[in-house]
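Topology and contacts: notes
Residue-level listing of the chains:
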Amino acid sequence: MKETDTKFLEDSFKKYYFEHFDLIKVPERTSEREFGYQKFNSGMTRHLSIKNDKELHLLFMQNIPSDVYCSNGYYTFPNLPMNEKDWKEADLIFDIDAKDLNLPCRIDHTVAVCSDCNEISKTYDKCTKCNSTKLEKKSLPCLNCINGSKNQVEKLIEVLVNDFVISKENIHVYFSGNEGFHIHVYNSQFQKIGSRERSELTDYIMFNGMIPETFGMKKFKPNRSDFPDINEKGWRGRFAKEFFGSKSNRSKLISSFVKNPLDEYPSFKNTLQTVSKKIGVKIDPNVTMDIHRIFRLPGSINSKSGLTKIHCEDLEKFDAYTDSSFLSDDPVEILANCPIEFKLRNKKFGPYNNEKITTPTFAAAYMICKKLATIA
Amino acid sequence: MLGADQIAKYPFVQDAGQYLKDQGFRLEQFGMDPDLEPIVKKAFDRIYTAAEGKTYKSDLIGNQASKEATLPREVFSFLLAIVLLKLSGMNTLIKRFALQESIRAEKYLEADLKISNNPSGSVILTDEQKSIRDVAAQIIKEISNVEISKPEEKNEGNYTSGKDEWLVNISDYLTRSIHFHEREWKLINRKVENGKVYLSSHQTVRLIRKELGMYINSRLTDTKTPEMIPGFENYVNKLVSLAKKFRTFTVDTGEYPPCIKHAIQVLEKGENLPHSGRFMLATFLLSKGQSVEQIAPLFKNAPDYNERVTLYQLNQLNGTSGSGTKYSCPSCEKLKTQNLCFATSECDNIINPLQFGKKRK
């Protein structure tokens, strides 16, 4: 990133941090957490221990980080190297990202930025200008992406509340500041479980690894009463609702399964896979499995977008590209090469084709973070 | 806490010395009193049966002490077996005994959890049945710290027992089930509701099997070795020579590569060795010229040991049955990807465990 761009982003971020300490709070049990941060154009500094809001704010003002993270894990010695930290427990965390949803709209708002010559194009395998294969995909998610992600969050909450009896007060949903949502779960029965156990939880939530027998389908002599009912709780019920649809259809389908189980078994197995793609919750399993992760700190800015990771009090009403945009609207002159139109704070921007333009700081920062503009 | 029948079924939850004292006995009496001699003989038989890899059949009939005299015999013989084992100092026998007692306890636990199960609907349990069921649940809590409960507990003041279902916290379930490899143990293949996993009595006991084994084993190893009791010498000597019989099975790990040593250690501890680890160990030993019969006992401590299945699988690997293909030991590279490699400098860049220790110049 150019020095002028870094300077611009640092100044804008610093102003935000200074004016919005109210949004940046240390999480509970602060002294047991590990903190870390990144600065523009430099590596990660982690294994930090912080006591209170004051110390955290000092970190922001002294370092003007591009990104700040805090562990989901609790340690006796959070500032020691990983194997000496003495891990105690970890909050359950989830990452839902629009890029994992395979939405058809994605191709419309994704471009490739060449790392060698900065050329921007819609060709993803090699640069159209210099033939370099070092391309970085940049997406400017649309409303459809956000709504798709919201839908996954709702599905996740349904499983957490109904299957795992986690109370809603202990489930905190945040917009990640870029393409999706982060969900933090506190005080659940899962605090102390390790990575392998969490991996099993992710398979459960994603509806992965099922065997037909779980849903009553057997190769030999399946029993009518073993097939799930539409009103059943848990995944058996969700599957039945999606697959059978209605009671009459359920009865009809089960009759054919019972009549010809050996022939029907393989196709039932395939059905499970197909239905899984539809009704499973699309979380990033690596995040949930990680008990030592440092996860973006709520209230901090995501340097992939210049938007803030912010708590969503009311997910349905939450407007990602208004409610998370806090940078100033001071005008700034930039050279924009942003072929995709986007909307921030209810205002449309772009498309720009190598144009020198004046935009509010929040929009300029968004494009510069996406590498689709530079300070003029 | 325990009723008479329960003590006979689960003698390991008793404090051995205290129980004898409470019943008005001293250990020395058993060495001298000819009337008590049959109980010592019974204790010896109990160990002998376990050493043979069989589960001791108690005199309990229908899970109840049939005669007044049966109960003390059951409990004393268990406690005296521990004394004899400690006096003999033979660890192989202690391990075998603990394993068989654990299998025996599993059967009782499962039956007690399942008591008066009525698949066709709810049934009112008698106070006695309820107490038997509660004791089994309490013992599970004691050995594994896992709380289990029934989905429906009270019905207009009466205890009921409908389906064979027990509830376990998801987190308690996961910390144990991740060590099982069968797909049906995956959480997604279980009924999950309200933060609990539904398990049958059999599955509940299977879930805590390892802890049950460890509990019984620790009861044995934690018991202090008493002074030799006059009258016990003969039995103790017999145990020492009995243990020698099994010595052929103990594998000297000195000449083996660290991956194989590790696998043997895991099995010796009674822990679960993944299928890939068992495959490695079996193919390695077969290549080293050991026979299927020599290798099979190594797997006896595995939590899911089944003699018939083990022999079948070993014969398949050996090519003595099935397709006739003899399987070879996996390469070091393959073992690395399976997290089975524990290479040391002694490995000296070999590419297959079979090359370990051979000069390669």
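Some remarks on the nonpolar core
Core analysis: the biggest nonpolar cluster contains 167 residues, and A:Phe164, A:Phe175, A:Phe181, A:Ile183, B:Phe12, B:Leu84 and B:Phe232 have the highest contact counts within it. In terms of residue count, helix α5 (residues 70-88) of chain B provides more of this core than any other element does, 12 residues in total. Both domains that furnish three or more residues to this core are identified here as domain 1 (3-100 + 141-203 + 284-375) and domain 2 (208-279) of chain A. Among residues more than four places away in sequence, those in contact with B:Phe232 are B:Leu27, B:Phe30, B:Gly31, B:Val40, B:Leu80, B:Val83, B:Leu84 and B:Leu87. Among the nonpolar cores identified, the runner-up in size contains 25 residues, and B:Cys259, B:Ala263, B:Leu298 and B:Leu335 belong to it.

A word on the domain arrangement of chain A
Residues and elements named next belong to chain A. Annotation of chain A at the domain level lists domain 1 (3-100 + 141-203 + 284-375) and domain 2 (208-279). Summarising the inter-unit geometry, the C-alpha centres of domain 1 and domain 2 are found 40 Å apart. Between domain 1 and domain 2, the residue contacts involve 5 residues of the former and 6 residues of the latter. In total, about 450 Å² of surface goes out of reach between domain 1 and domain 2, with carbon and sulfur atoms giving 30% of it. Area buried by domain 1 at its contact with domain 2 is led by Lys155, Asp163 and Asp203, which between them contribute 71% of it. Where domain 1 meets domain 2, there are 2 salt bridges.

Let's talk about the side chain of A:Lys138
Residues and elements named next belong to chain A. Take lysine 138: it is sitting in strand β9 (residues 135-139). Only 3.1 Å separates the side chain of lysine 138 from the side chain of glutamate 136, close enough to count as a polar contact. Sequence-distant contacts of lysine 138, that is, excluding residues within four places in its chain, are made with His109, Thr110, Val111, Val113, Cys369, Lys370 and Lys371.

Here's the deal with the interface of chain A and chain B
Tallying the contact residues gives 22 residues for chain A and 17 residues for chain B. At the boundary of chain A with chain B, total buried surface from both sides reaches about 1,900 Å², with 59% on carbon and sulfur atoms. A salt bridge links A:Asp203 to B:Lys186; its shortest N-O distance comes to 2.7 Å. For the interface between chain A and chain B, the tally reads 12 residue pairs in polar contact (both at pLDDT 80 or more). Taken together, the elements giving at least two residues each to the side of chain A that touches chain B come down to α4 (195-206) and α5 (234-244) of chain A. Among the elements that make up the side of chain A that touches chain B, the one with the highest residue count is α4(A) (6 residues). Residue composition of the side of chain A that touches chain B, by class: 10 nonpolar, 6 polar and 6 charged.

Quick notes on the rules
Residues numbered from 1 in each chain as written. Chains lettered and ligands numbered in written order. Predicted model: local features only at pLDDT ≥ 70, side-chain atom pairs only at ≥ 80, totals over all residues. Heavy atoms only, no water. Core = buried A, V, L, I, M, F, W, Y, C linked by side-chain atoms within 4.5 Å. Buried < 20%, exposed > 50% of the residue type's maximum accessible area, 1.4 Å probe, protein only. Helix = DSSP H or I, 4+ residues; strand = E, 2+ residues; numbered from the N terminus. Domains from an automatic or database assignment. Contact = heavy atoms within 4.5 Å. Buried area = accessible area lost by both parts, 1.4 Å probe. Salt bridge = Lys/Arg side-chain N within 4 Å of Asp/Glu carboxyl O. Polar contact = N/O pair within 3.5 Å; in protein donor to acceptor, adjacent residues only side chain to side chain. Nonpolar A, V, L, I, M, F, W, Y, C, P; charged D, E, K, R; others polar.

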